Amino acid sequence: MAVEKKAQTPGSRGGSRWRRTKASSTSEGTPGNGTTAANGTSGRNGTGTAKRRPRSGAGASAARKALVALAAVIAILAGVLVYGVTTDRTGWAPKLALDLEGGTQMVLSPTLQGENSGQDISQEQLDQAVEIIRQRVDGAGVSEAEITTQSGRNIVVSMPGVPSSETRELIQTSAQMAFRPVIVSGSGAATPENQRTDPTSIPQPEGEPENSSDPKWVTRDLFARYEALDCSAPRPQEERASQPQDKAIVACDPQSNAKFILGPVEIPGTDIATASYAQASNSQGHATGGFAVNLQFNDEGTQTFKELSERLYGLGQGGQNGARNRFAIVLDGSVVSAPTMNAVITDGRAQITGSFTEDEAKFLSEQLKYGALPVSFSIDSEQQISATLGSNQLRMGIIAGLIGLALVCIYSLFQYRWLGLVTIASLVVAGVVTYLAITLLGWGANYRLSLAGVAGLVVAIGQTADSFIVYFERIRDEIRAGRTIPAAVDHGWQRARQTVLASKAVNLLAAVVLYFVAVGNVRGFAFTLGLTAIADLLVVFLFTHPIMVLLARTPYFGNGARHSGLDPEALDAVPLYRGAGRLRSHEDGDGLTIAERRRRAAQQASAAPSSTAGAHGNTSVGSTAATARPDSEETQR
């Protein structure tokens, strides 16, 4: 009876798999004397040697440093949050938006000022006023506010929570702004009646004033009103708004408790192109530790401000009245700032410095930036409103997120076995980082989480898992090509890193564009989408990759144990050293997937003719598994 010996060719499936054998067994073409294979693994090719733990080199040290850096970042964020909670500055949970928490609704009545005083506001002016208020509210850090019109006349502002007095004042403040030169300044307290100047002792001005800084603007009646003015007493808005632009006025600075006699309007607020705030610096460019407000005028304002700066700077250099080298920025009849002119400014770029805190500089820059519309607002009504969606919708959104997270975890464990635990741990770390960031942004920037923002967080679960899938598949491709697992992790990361960066760059670009072109709740969705993309990058670089580097140097994952997710046999990997002095051929390392290799093996088996065994014509065992090599022993009698 003939017995056919099974033969394996380098291109066959039977010769392309790493087979587990007992420590005492050997296989054909494999050394049985305990020799270690050339690819750095032992016991995978039928050898009788024990498995060795891969060495931990410089890559492991860098991985540990990355994990320490991530732990430090999380510890800092958590420490800041604990400080805020213990000092009653914030809470443990993120702030919620209007649709989930409720808030305050204010009905504003706009009134035209200046030349259009007393006229009805047009729809175009009303729409412009709505945009100005929206910019003011967003600039104050109140996220997810709703600003609409009512009956073509009023403006309805709905904000989450209870607005601060600064936000309420910023909304109500008139948008009419002007630059006036200072003629006289003094303390904001009213001069006692027994110390006031006798009006008859004040000389009457002779002739017309030469410019807006000329003291001839000061009449007896105006100076009497200046001495009687008490800046600590509230002034009706009607009185502050009725100040003529072409005449001298008296005004107060409520912040510094000072009062002024100001000349006519030199530059209207409409000539301001933009305003911002930043840390102040000296002439050498070094930071002084304070904050400054930067102004940029348009072309017309640049020319006018150049002439104004030349005049006021000259008055200061001439040793005249010190108050006359100052100009006041007047908003709705009140002075918001009265800086001194220290240089001639010819390019329209001015900087206001002083003892500003960051909040004061930010508030002043917002007033200057959004103070160009000649409209004032009065609050007709203010009431508390309930949440438009409520806690039930938030609960359903959280449940949807948990379901999505559970499905991702199940898929990861099914697809990657125990390696899926790395995906689950990475998602947990990304969730912790995102939670801390959103909570701290609610404290520092008054960011509020809406239902649309919750939707962005749910969508981000899948996008975050995509990064891990790309990385893991790159590693498995390298294992299929015959690399050792530590080497596959290193090479797979080099190839996956570019893909992950490109993917997150697209996500961030989409989020940024959506944030700036959208309004309302859509901006909340875009913000959380961009925030989670940044958190994903942080986790992939500082957690997922370092963990994989360390796991690849453990006996279980480093040797590709069964169910580890990196099992070379399950991946149809081809070892570099195949025994009996044979190395992997180019055909074996063609980079095909498992399905493609199995399809090719099936096609080769079906195309090969069936072998027969000797004169008896018996079909040989294993003839469909592999085609015998030409030099193999086919028959023994």
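So, how was this worked out
Residues numbered from 1 in each chain as written. Predicted model: local features only at pLDDT ≥ 70, side-chain atom pairs only at ≥ 80, totals over all residues. Heavy atoms only, no water. Helix = DSSP H or I, 4+ residues; strand = E, 2+ residues; numbered from the N terminus. Buried < 20%, exposed > 50% of the residue type's maximum accessible area, 1.4 Å probe, protein only. Areas by Shrake-Rupley, 256 points an atom, 1.4 Å probe, with all protein chains shown as cover. Disulfide = S-S within 2.5 Å. Pairing = 2+ DSSP bridges. Axes fitted to C-alpha atoms, helices over the stretch in contact; angles between N-to-C directions. Contact = heavy atoms within 4.5 Å. Expected span 1.5 Å × (residues − 1). Bend = angle between axes of the 7 residues up to and from the residue. Phe/Tyr/Trp six-rings, centres within 6.5 Å; stacked < 30°, edge-to-face > 60°. Lys NZ or Arg CZ within 6 Å of the ring centre and 35° of its normal. Salt bridge = Lys/Arg side-chain N within 4 Å of Asp/Glu carboxyl O. pLDDT = per-residue confidence, 0-100.

This part takes up the overall build of the protein. Looking only at helices and strands, the protein features 15 helices and 17 strands. Residue burial in the protein is summarised as follows: out of 637 residues, 42% are buried. A total of about 31800 Å² of accessible surface is found on the protein, and carbon and sulfur atoms cover 54% of it.

Attention shifts here to the state of the cysteines. What we call a disulfide is simply a covalent bond connecting the sulfur atoms of a pair of cysteines. Going through the model one piece at a time under the given rule, you end up with one disulfide. In this model, Cys231 is linked to Cys252 through a disulfide, with the two sulfur atoms separated by 2.0 Å. One disulfide, between Cys231 and Cys252, carries an S-S torsion of -85° and so falls in the left-handed class. Separated by 21 residues along the polypeptide, Cys231 in the loop between helix H5 (220-228) and helix H6 (237-241) and Cys252 in strand S5 (residues 249-253) bring together distant segments of the chain. When its relative accessible area of 13% is taken as the criterion, Cys231 is described as buried.

Position of Thr484 among the secondary structure elements: in the loop between helix H11 (451-480) and helix H12 (485-517). Looking at Thr484, the relative accessible area reads 23%, which means it is partly exposed. Separated by 84 residues in the primary sequence, Thr484 and Pro568 have C-alpha atoms spaced 9.2 Å apart.

The subject of this paragraph is the sheet that holds strand S8 (residues 272-281). With respect to topology, three strands assemble into an open sheet ordered S8-S9-S12, the strand pairing being antiparallel. Of all the strands in the sheet, just S8 and strand S12 (349-356) have a single pairing partner and so form its edges. On average, each strand axis in the sheet is tilted by 25° relative to the strand beside it, whichever way the strands run. When strand S9 (residues 287-297) meets S12, the two strands line up antiparallel, connected through five bridges. Residue pairing across strands places Phe291 opposite Phe356, the latter belonging to S12. In the packing of helix H8 (residues 358-369) onto the sheet, the strands contacted are S8, S9 and S12, and the crossing angle to S8 comes to about 165°.

What follows covers unusual backbone geometry. Both trends apply: most residues other than glycine have a negative phi, and most peptide bonds are in trans. Located in the positive-phi region is Asp88, a residue other than glycine, with phi close to 60°. Examined against the element boundaries, Asp88 turns out to sit in the loop between helix H1 (58-86) and helix H2 (98-101). Its identity as a non-glycine residue notwithstanding, His563 has a phi of 70°, on the positive side. Its location among the elements puts His563 in the loop between helix H14 (555-558) and strand S14 (577-579).

Time to look at H11. Counted at 1.5 Å a residue, the expected span for H11 with its 30 residues is 44 Å, and the 44 Å between its end C-alpha atoms agrees. Its axis deflected by about 25° at Ala460, H11 carries its strongest bend there. Positive backbone phi, at 100°, marks Gly482, one or two positions downstream of H11.

The next point concerns helix H10 (residues 420-444). The end-to-end C-alpha separation of H10 is 36 Å, in line with the 36 Å expected for 25 residues at 1.5 Å each. Asn446 sits one or two positions beyond H10 and adopts a positive phi of about 60°.

Another point: the packing of aromatic side chains. Applying the stated criterion to the full structure yields 14 aromatic pairs. Ring centres 5.2 Å apart and planes at 70° place the aromatic pair Tyr471 and Trp493 in the edge-to-face group. Taken together, the residues span a long stretch of sequence, with Tyr471 in helix H11 and Trp493 in helix H12 at a distance of 22 residues. The class of Tyr471 is buried, set by a relative accessible area of 1%. What links up through ring pairs into an aromatic cluster is the set Tyr416, Tyr471, Phe472, Trp493 and Phe541. Over the face of the ring belonging to Tyr226 we find Lys259, whose NZ or CZ atom lies 5.0 Å from the ring centre. The residue whose ring lies beneath Arg523 is Tyr515, and the NZ or CZ to ring-centre distance is 4.1 Å.

Time to look at the pattern of salt bridges. Per the counting criterion, the structure on display carries eight salt bridges. Ionic pairing is found between Arg311 and Glu266, a salt bridge with its closest N-O pair at 3.1 Å. Taken together, the residues Arg311 in helix H7 (residues 299-317) and Glu266 in the loop between strand S6 (258-262) and strand S7 (267-268) connect sequence positions 45 residues apart. Here Glu478 and Arg483 are joined by a salt bridge, their closest N and O atoms 2.6 Å apart.

What follows deals with the confidence of the model for the protein. Regions with low pLDDT should not have their predicted coordinates read in detail. In the predicted model, the protein carries a mean pLDDT of 75, and 74% of its residues have values of at least 70. Counted against residues more than four places away or in other chains, residues 1-56, with its pLDDT under 50, gives 128 contacts. In this model, residues 611-637 is a region of pLDDT below 50 whose contacts with residues beyond four sequence positions or in other chains number 31 contacts.

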